[in-house]
Amino acid sequence: MKISVKINGKTVERDVDPRMLLVHFLRDELGLTGTKVGCDTSQCGSCTVHLNGEALKSCTFFAVQADGAEITTIEGLAANGSLHPMQEGFWEKHGLQCGYCTPGMIMASVAFLKKHAHPTEEDIRHGLEGNLCRCTGYHNIVAAVKAASEKMGG
Amino acid sequence: MYPAKFDYYRANSVEEAVKLLAENSDAKLLAGGHSLIPAMKLRLTQPALLIDIGKIDSLKNIKANGSLEIGALATHARVAASADVKKWFPALANAASLIGDQQVRNFGTIGGNIAHADPASDPPTVLIAAGATIHVRGASGTRAIAAEDFFVDLFTTALEPGEVVTKIEIPNLSGRKSAYAKMSHPASRYAIVGVCAVLSMEGDTCKEARLVVGGAVAHATRLSEAEAVLKGKKLDAAALKAAADAAIAQVGDDAMGDITAPADYRRAMVGQYLQRAIQSALG
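Residues numbered from 1 in each chain as written. Chains lettered and ligands numbered in written order. Predicted model: local features only at pLDDT ≥ 70, side-chain atom pairs only at ≥ 80, totals over all residues. Heavy atoms only, no water.

Novice: Account for the overall build of chain A, with residues named and values stated.
Specialist: Secondary structure assignment for chain A yields 5 helices and 5 strands. Seen through its C-alpha atoms, chain A measures out along the principal axes to roughly 45 × 30 × 25 Å. When the 154 residues of chain A are sorted by exposure, 51% land in the buried category. Considering only contacts in chain A between residues 6 or more positions apart, those separated by 24 or more positions represent 56%. As displayed, chain A offers around 6,800 Å² of accessible surface, 50% of which is attributable to carbon and sulfur atoms. Considering chain A, the positive charge centre built from 15 side chains and the negative charge centre built from 17 side chains are found 3 Å apart. (Helix = DSSP H or I, 4+ residues; strand = E, 2+ residues; numbered from the N terminus. Buried < 20%, exposed > 50% of the residue type's maximum accessible area, 1.4 Å probe, protein only. Contact = heavy atoms within 4.5 Å. Areas by Shrake-Rupley, 256 points an atom, 1.4 Å probe, with all protein chains shown as cover. Lys, Arg positive; Asp, Glu negative; His and termini not counted. Charge placed at Lys NZ, Arg CZ, Asp CG, Glu CD.)

Novice: I'd like a description of the interface of chain B and chain A, backed by residues and values.
Specialist: Facing the 31 residues of chain B at the interface are 33 residues of chain A. Of the roughly 2,600 Å² buried at the junction of chain B and chain A (both faces included), carbon and sulfur atoms supply 54%. The tally of links between chain B and chain A comes to 5 salt bridges. A salt bridge links Lys41(B) to Asp40(A); the shortest N-O distance between them is 2.7 Å. The interface formed by chain B and chain A contains 15 residue pairs in polar contact (both at pLDDT 80 or more). Broken down by element, the residue count for the side of chain B that touches chain A peaks at 6 residues, all from helix H6 (residues 102-107) of chain B. Considering only residue class, the side of chain B that touches chain A consists of 14 nonpolar, 8 polar and 9 charged. (Buried area = accessible area lost by both parts, 1.4 Å probe. Salt bridge = Lys/Arg side-chain N within 4 Å of Asp/Glu carboxyl O. Polar contact = N/O pair within 3.5 Å; in protein donor to acceptor, adjacent residues only side chain to side chain. Nonpolar A, V, L, I, M, F, W, Y, C, P; charged D, E, K, R; others polar.)

Novice: Please provide a residue-by-residue account of the domain arrangement of chain B, values included.
Specialist: Residue and element names in this part refer to chain B. Entries for chain B in the domain assignment read domain 1 (7-52), domain 2 (60-170) and domain 3 (178-282). With centres defined by C-alpha atoms, the gap from domain 2 to domain 3 works out at 20 Å. Across the contact, 25 residues belong to domain 2 and 23 residues belong to domain 3. The junction of domain 2 with domain 3 conceals about 1,800 Å² of combined surface from both sides, 59% of it contributed by carbon and sulfur atoms. Scanning the region where domain 2 abuts domain 3 turns up 3 salt bridges. (Domains from an automatic or database assignment.)

Novice: Lay out the sheet that holds strand E3 (residues 48-51) of chain A in plain terms, naming residues and giving numbers.
Specialist: Residues and elements named next belong to chain A. Pairing in this open sheet of 5 strands is mixed, and the strands run E2-E1-E5-E3-E4 from one edge to the other. Where the open sheet ends on each side, the last strands, each with one partner, are strand E2 (10-15) and strand E4 (54-57). For this sheet the average axis-to-axis angle between neighbouring strands, irrespective of direction, equals 40°. By the bridge criterion, 2 bridges tie E3 to strand E5 (residues 70-72) in an arrangement that is antiparallel. Bridge pairing in E5 links histidine 50 to threonine 72. (Pairing = 2+ DSSP bridges. Axes fitted to C-alpha atoms, helices over the stretch in contact; angles between N-to-C directions.)

Novice: Talk me through the sheet that holds strand E3 (residues 49-52) of chain B; I want residue IDs and the actual numbers.
Specialist: Residue and element names in this part refer to chain B. Spatial strand order, E1-E3-E2: 3 strands in an open sheet with parallel pairing. The sheet is open, and its two borders are formed by strand E1 (7-10) and strand E2 (27-30), each paired with just one other strand. Pairwise comparison of adjacent strand axes, ignoring direction, gives a mean angle of 25° for this sheet. Bridge count for E2 against E3 is 4 bridges, and the pairing is parallel. Note that in E3 the partner of leucine 30 across the bridge is aspartate 52.

Novice: With reference to specific residues and values, describe the nonpolar core.
Specialist: Residues and elements named next belong to chain B. Counting 40 residues, the largest nonpolar core has Ile70, Phe89, Leu92, Leu127 and Ile170 as its most contacted members. Composition of this core by domain shows at least three residues from each of domain 2 (60-170) and domain 3 (178-282). Beyond its immediate sequence surroundings of up to four residues, leucine 92 is in contact with Ile70, Val79, Val85, Ile110, Val126, Leu127 and Ile170. Counting 35 residues, the second largest nonpolar core, distinct from the first, contains Cys206, Val217, Leu223 and Ala243. (Core = buried A, V, L, I, M, F, W, Y, C linked by side-chain atoms within 4.5 Å.)

Novice: Can you break down the pattern of salt bridges residue by residue, with the values?
Specialist: Tallied over the full model, the rule gives 24 salt bridges over all chains. The shortest N-O distance in the salt bridge between Lys146(A) and Glu150(A) comes to 3.5 Å. Of this pair, Lys146(A) and Glu150(A) both sit in helix H5 (residues 138-151), separated by 4 residues, roughly a single helical turn. Lys19(B) serves as the salt-bridge partner of Glu23(B), at 3.2 Å between the closest nitrogen and oxygen.

Novice: Describe the side chain of Asp52(B), and please don't skip the residues or the numbers.
Specialist: Within the fold, Asp52(B) resides in strand E3. One polar contact links the side chain of Asp52(B) to the main-chain amide nitrogen of Gly54(B), over a distance of 2.8 Å. In contact with Asp52(B), other than residues within four places in its own chain, are Gln65(A), Tyr8(B), Tyr9(B), Arg10(B), Ala11(B), Leu30(B) and Ala31(B).

Novice: Talk me through the packing of helix H11 (residues 237-251) of chain B against helix H12 (residues 263-282) of chain B; I want residue IDs and the actual numbers.
Specialist: Residues and elements named next belong to chain B. In the contact formed by H11 and H12, the axes pass within 8 Å of each other and the chain directions differ by 140°. Taken together, H11 and H12 sit at an angle that is classed as oblique. Both H11 and H12 take part in a crossing whose hand is right-handed. From H11, Leu240, Lys241, Ala243, Ala244, Ala247, Ile248 and Val251 reach across to H12, where they touch Arg267, Ala268, Val270, Gly271, Leu274, Gln275, Ile278 and Gln279. Here the residues of the contact of H11 with H12 sort into 10 nonpolar, 3 polar and 2 charged. (Parallel < 35°, antiparallel > 145°, perpendicular 65-115°, else oblique. Left-handed = near helix turned anticlockwise from the far one by under 90°.)

This is the structure we're talking about:
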């Protein structure tokens, strides 16, 4: 089935099998491998992207459902070569260990801050319940999101 | 993981979805897909045709006008954030905010949730407590099903083949106090036990209590024994304890158990969370 999707500002048209998951469309068809497959069972959040501005687990969505939508992946977050404040926060607070969960953590955190501009530590922990870090590096991830929220005027 | 192959069709109206369902016995509806797609990936279900209703905007509305109407495609995030839901039935907004995580709430829908009828889900419990009505449409027309009669067993509802959930209607609950108390599974956030209380009070005295348990049993169920215990009583500690004991006795051997929460434990927690829901409703 033919779909047209705007990804990181660029319109892409492809013919896809209905059973192709969005995450495989992004990684295998378009080469956007920043988005990771972790658990592949809708739990870990490492495949998180934005669909029309909302955080989505792209392993739990068919590419055909995204027809006509706007998608942002981790590759589309930095504007004009400068890191997004959330990326800076993860850099400065060392919000990662192995880095595998990081793209999903950052995409989930950016979406979360849109709805909660002034989060407490508890808000951040609740907001990121859909993202798992198997290094258990949560402490610095929460610090990174807090730092980003302050930088973004929260 | 890839699901088995299927054909895909995007329906533009409820009428079209109903027609396609009638013509294809091995078809399933795709709404938010957050229960169906994981099941398809595990090949627990392998429909030949997916009818995508996710872009039918007329099913997405939430409006309050005499009763509160929630379109089947309203996402959990929208139900949780809706000013109308918070005003009419705050226990539902709270329950919706406790489902899964932000990503799941952004795409999972209330209609898909109830049609799936997972026993560990939250909306069935609060919808029965509210006395909600489920509106459905099939090839032979529309019908309305009381939420209490809708959930029949594990993953089993009163929906007939070919019927589509169109909206959920919640009656005017003004003057009633309500709350949902939930013990979440620490990883999945599904309800180990969830209890919803909707109370009609006259001063300190309970005129009527609607108490519903989910999570611990095969489908959300009214705790009618506990409701009877509280009717006409002052809701003091002794009354709550008596209601909890009645609820535990009613759940009895129906309590489900697994590696996280054995049946004995869940049964005991029904009593605890019943009391918490009532206390929370009373403020």
